[in-house]
Amino acid sequence: MAAPLPGELRAFDDFKGARDAASPADRLREVRLRAARFRDRMLKGPEVRYYGSFSLVRVPYPTRYALLNACSVPTPFVHILNRVFVMQVDTDQGLKTLVASPSDIHANAETPFFKRLARSFGPFQEFGKKLLGPVIATVETVLDRIGLSPEKVDYISYDHLHTQDLRNWLGSGEKTGYFPNAKLLVMRQEWESTLGLLPPQLDWYCPNGIDGIHPSRVVLLEGDTMLGDSVALMHTPGHTEGNHSFVAHTPEGLMVTSENGVAPECYAPLASRIPGVARFARQTGMEVILNGNTLERGLDQYISMVQEKEVAGPSIRNTEFPNMTCSSELAAYWAFPGVAPTMSFGDLSFGRVVV
Ligand SMILES: [Zn+2]
C-alpha cells in the first residue's frame with residue numbers, strides 16, 4: 001500500500017483512465033481532451049512564487065536518438081544542454097522549494113553510454129570531454145549564485161532517472177547528502193525500474209546511483225501529483241516507463257519539462273527549420289518527434305508528448321512552438337553544424353527566489 005503523502009502533495013485524477021481504450025487513436029483523443037481541461041484548471045490557480053532554470057552542462061547525444069528518424073543532416077551528434085530548475089510554491093504547509101533535475105555532473109559520467117563515448121577518444125579523453133561536454137555550472141554553484149541554501153530545499157525530483165547518481169544529494173549509508181532535508185519525489189514505476197533494469201535500459205542508468213539511499217528520503221508517487229496548486233508532476237510514460245513531466249504555472253503560462261522530446265520543435269515539427277524534420281512530419285503525419293534512445297514505451301511516448309504540448313499551450317515568445325522547456329534542450333554548437341534549434345528557451349527566471 002502507498003504511504004500517505006505529505007500535506008503539500010496531492011494526487012490528481014484528471015488523466016485517470018484516459019489511456020484505457022484498446023484503440024490508440026481513442027487514447028490519443030481522450031488524452032488531448034483531458035489535457036485541455038487540465039490546462040484550463042491549472043491556469044485558473046495561482047502562479048509559482050519563483051521559477052528559475054540554469055544551464056549545467058552540454059552533453060553530446062546521437063542525432064539519431066534526439067530527432068528519431070526525422071533529421072536528414074549527417075552530423076552524428078547534437079548537443080543537448082542539461083538544466084537544473086528551481087521552483088518555489090506556496091502551499092497549505094508553507095512555502096516549498098523543489099529542485100528539479102539536479103544532475104551530479106561528475107558522478108553521472110559513470111553512465112555506461114557516456115563512459116564508452118569518453119573512452120572512444122583514447123589518449124585525448126580529457127580534451128575530448130572538454131570539447132564535447134563543456135561544464136557551464138554545477139548545482140552547488142547555481143544555488144550559491146541565487147543565495148539558496150541546500151538546507152532550504154524540501155524536494156528534489158527528476159523527470160526520469162537516466163544518468164543520475166543521487167547519493168551526493170541525498171546521502172548514502174552513513175554519508176549525509178548535500179541536501180540534508182530534501183526528499184526525492186519519484187514515480188514508483190521509475191524507482192522500481194531502477195532496481196530491476198533490463199539490458200535495453202542499462203546503458204542509460206548510472207550504476208549504483210541510488211544505492212544506500214535511506215527509504216525515508218524517498219516519496220514514491222503512484223501517479224499524477226500536485227505540489228501546492230502551481231506545480232504538477234504529471235506521469236508521462238514513454239521515454240521511460242516511470243517518466244513524469246513538471247508543469248509549472250509561471251507568468252508566461254504553463255511551462256512543461258521532460259525529456260520525451262529534446263526541443264520545442266520536437267513538439268511542433270512542421271515549424272522546424274532543421275533539415276528533414278518538417279518533411280518527415282508532413283510525410284508521416286507525426287505531430288511530435290520522439291527522443292528515441294530507449295523507447296521504453298513508444299506509442300505511450302507519442303501520446304505523452306501530445307499531452308505535454310496540449311498542457312503547455314503556445315509560447316508567448318513564439319506562438320508556433322509550445323511552452324516546452326525540455327530538461328535536456330537541443331543547443332547549437334560549432335562542432336555539430338546543421339542542427340541548431342529553430343527555437344529554444346535558454347535559462348529562465350520568474351519572480352524572486354525566497355531564501
Ligand atoms: Zn533519458
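All of these numbers come straight from a predicted model, not from anything done at the bench.

Engineer: I keep staring at helix α1 (residues 24-44) and nothing clicks. Help me out?
Structural biologist: Side chains that are three or four residues apart share a direction in an α-helix, a result of its 3.6 residues per turn. Spanning 21 residues, α1 covers 30 Å between terminal C-alpha atoms, matching the ideal 30 Å at 1.5 Å per step. What α1 keeps buried is the set Arg27, Leu28, Val31, Arg34, Ala35, Phe38 and Met42. Considered in projection along α1, the buried side chains sweep an arc of 135 degrees and stay on one side of the axis. Exposed positions of α1 whose direction lies more than 90 degrees from the buried face are Arg29, Arg37 and Lys44.

Engineer: Looking at this structure, how should I read the pairing of strand β6 (residues 183-187)?
Structural biologist: Successive side chains on a regular strand alternate, one facing one side of the sheet and the next facing the other. With four of five residues buried, β6 is to be regarded as a mostly interior element. Pairing of strand β5 (residues 155-157) with β6, which is carried by three bridges, proceeds in the parallel orientation. Residue pairing in the sheet places Ser157 in a bridge with Leu185 of β6. Here β6 runs beside strand β7 (residues 218-221); their pairing, made up of four bridges, is parallel. Following the sheet pairing, Leu184 is matched in β7 by Val218.

Engineer: Sorry if this is basic, but what is going on with unusual backbone geometry here?
Structural biologist: For residues that are not glycine, phi is negative in most cases, and the peptide bond is trans in most cases. We note that Ser101 has phi near 65 degrees; this positive angle belongs to a residue other than glycine. Its location among the elements puts Ser101 in the loop between β4 (94-100) and α3 (105-108). The class for Ser101 is buried, based on a relative accessible area of 8%. The backbone of Asn208 shows a phi angle near 65 degrees, a positive value even though the residue is not glycine. The residue Asn208 is located in the loop between α9 (199-202) and β7 in this model. Among the residues examined, Asn208 registers a relative accessible area of 45% and is labelled partly exposed.

Engineer: What's the story with the packing of aromatic side chains in this structure? I'm lost.
Structural biologist: Ring pairs (aromatic) are described by centroid distance and by the angle formed between their planes. Taken as a whole, this structure holds 16 aromatic pairs when the rule is applied. Arranged with centres 6.0 Å apart and planes meeting at 80 degrees, the rings of Tyr65 and Trp204 form a pair that is edge-to-face. Here Tyr65 is found in helix α2 (residues 63-66), whereas its partner Trp204 is found in the loop between α9 and β7, with 139 residues between them in sequence. Like Trp204, Tyr65 is buried. Ring geometry for Phe113 against Trp204: centres 4.3 Å apart, planes inclined by 20 degrees, an arrangement best described as stacked. Here the residue Phe113 occupies a position in helix α4 (residues 112-119), and Trp204 occupies one in the loop between α9 and β7, the gap between them amounting to 91 residues. Taken individually, Phe113 and Trp204 each receive the classification buried, so the pair is uniform in this respect. A network of ring pairs unites the aromatic residues Tyr61, Tyr65, Phe113, Phe114 and Trp204 as a single cluster. The ring of Tyr65 carries Arg64 above its face, with NZ or CZ at 4.6 Å from the centroid.

Engineer: Explain the nonpolar core here, please?
Structural biologist: A general trend in soluble globular proteins is that nonpolar side chains are found buried together. One finds Phe38, Ile156, Leu166, Leu184 and Val311 to be the most contacted residues of the largest nonpolar core, which totals 82 residues. Look past the residues within four positions of Ile156 in its chain and what remains in contact with it is Leu98, Val99, Pro102, Trp169, Leu170, Phe179, Ala182, Lys183, Leu184 and Leu185.

Engineer: Honestly, the coordination of the zinc ion in this entry has me stumped. Any pointers?
Structural biologist: Each donor-metal-donor angle would ideally measure 109.5 degrees in four-coordinate tetrahedral geometry, or 90 or 180 degrees in six-coordinate octahedral geometry. With distances of 2.1 to 2.5 Å, the protein atoms coordinating the zinc ion are His160 (NE2), His162 (ND1), His239 (NE2) and Glu259 (OE). Of note, the zinc ion draws all its donor residues from one chain, in the sequence arrangement H-x1-H-x76-H-x19-E. Here His239 lies in the loop between β9 (231-235) and β10 (244-250) and His160 lies in the loop between β5 and α7 (167-170), a separation of 79 residues in the sequence. Taken as a pair, His160 and His239 share a single burial class, namely buried.

Engineer: How should I be thinking about the pattern of salt bridges in this particular structure?
Structural biologist: It is possible for side chains bearing opposite charge to pair when their charged atoms get close. Going through the model one piece at a time under the given rule, you end up with 20 salt bridges. Arg10 is the salt-bridge partner of Asp229, the closest N and O atoms lying 3.2 Å from each other. Residue Asp229 is found in the loop between β8 (225-227) and β9, and its partner Arg10 is found in strand β1 (residues 9-11); the two are separated by 219 residues along the sequence. By relative accessible area, which is 38% here, Asp229 ends up partly exposed. Notably, a salt bridge pairs Glu329 with Arg83, separated by 2.9 Å at the nearest N-O pair. One end of the pair, Glu329, is in strand β12 (residues 328-331); the other, Arg83, is in strand β3 (residues 77-91), with 246 residues separating them in the sequence. Of the two residues, Glu329 and Arg83, both sit in the buried class. When salt bridges with common partners are traced through the structure, they connect Arg19, Glu241, Arg297 and Asp300 into a single cluster.

Engineer: For this particular structure, what's the right way to read helix α10 (residues 277-284)?
Structural biologist: Buried residues of α10: Val277, Ala278, Phe280 and Ala281, and no others. Viewed along the axis of α10, the buried residues span an arc of 160 degrees, placing them on a single side of the element. Opposite the buried face of α10, at more than 90 degrees from it, the exposed residues are Arg282 and Gln283. Positive backbone phi, approximately 80 degrees, marks Gly285, located one or two places after α10.

Thresholds applied
- Residues numbered from 1 in each chain as written.
- Predicted model: local features only at pLDDT ≥ 70, side-chain atom pairs only at ≥ 80, totals over all residues.
- Heavy atoms only, no water.
- Helix = DSSP H or I, 4+ residues; strand = E, 2+ residues; numbered from the N terminus.
- Expected span 1.5 Å × (residues − 1).
- Buried < 20%, exposed > 50% of the residue type's maximum accessible area, 1.4 Å probe, protein only.
- Arc of directions from axis to C-beta.
- Pairing = 2+ DSSP bridges.
- Phe/Tyr/Trp six-rings, centres within 6.5 Å; stacked < 30°, edge-to-face > 60°.
- Lys NZ or Arg CZ within 6 Å of the ring centre and 35° of its normal.
- Core = buried A, V, L, I, M, F, W, Y, C linked by side-chain atoms within 4.5 Å.
- Contact = heavy atoms within 4.5 Å.
- Donors = N, O, S within 2.8 Å, 3.2 Å for Na, K, Ca; no water.
- Salt bridge = Lys/Arg side-chain N within 4 Å of Asp/Glu carboxyl O.

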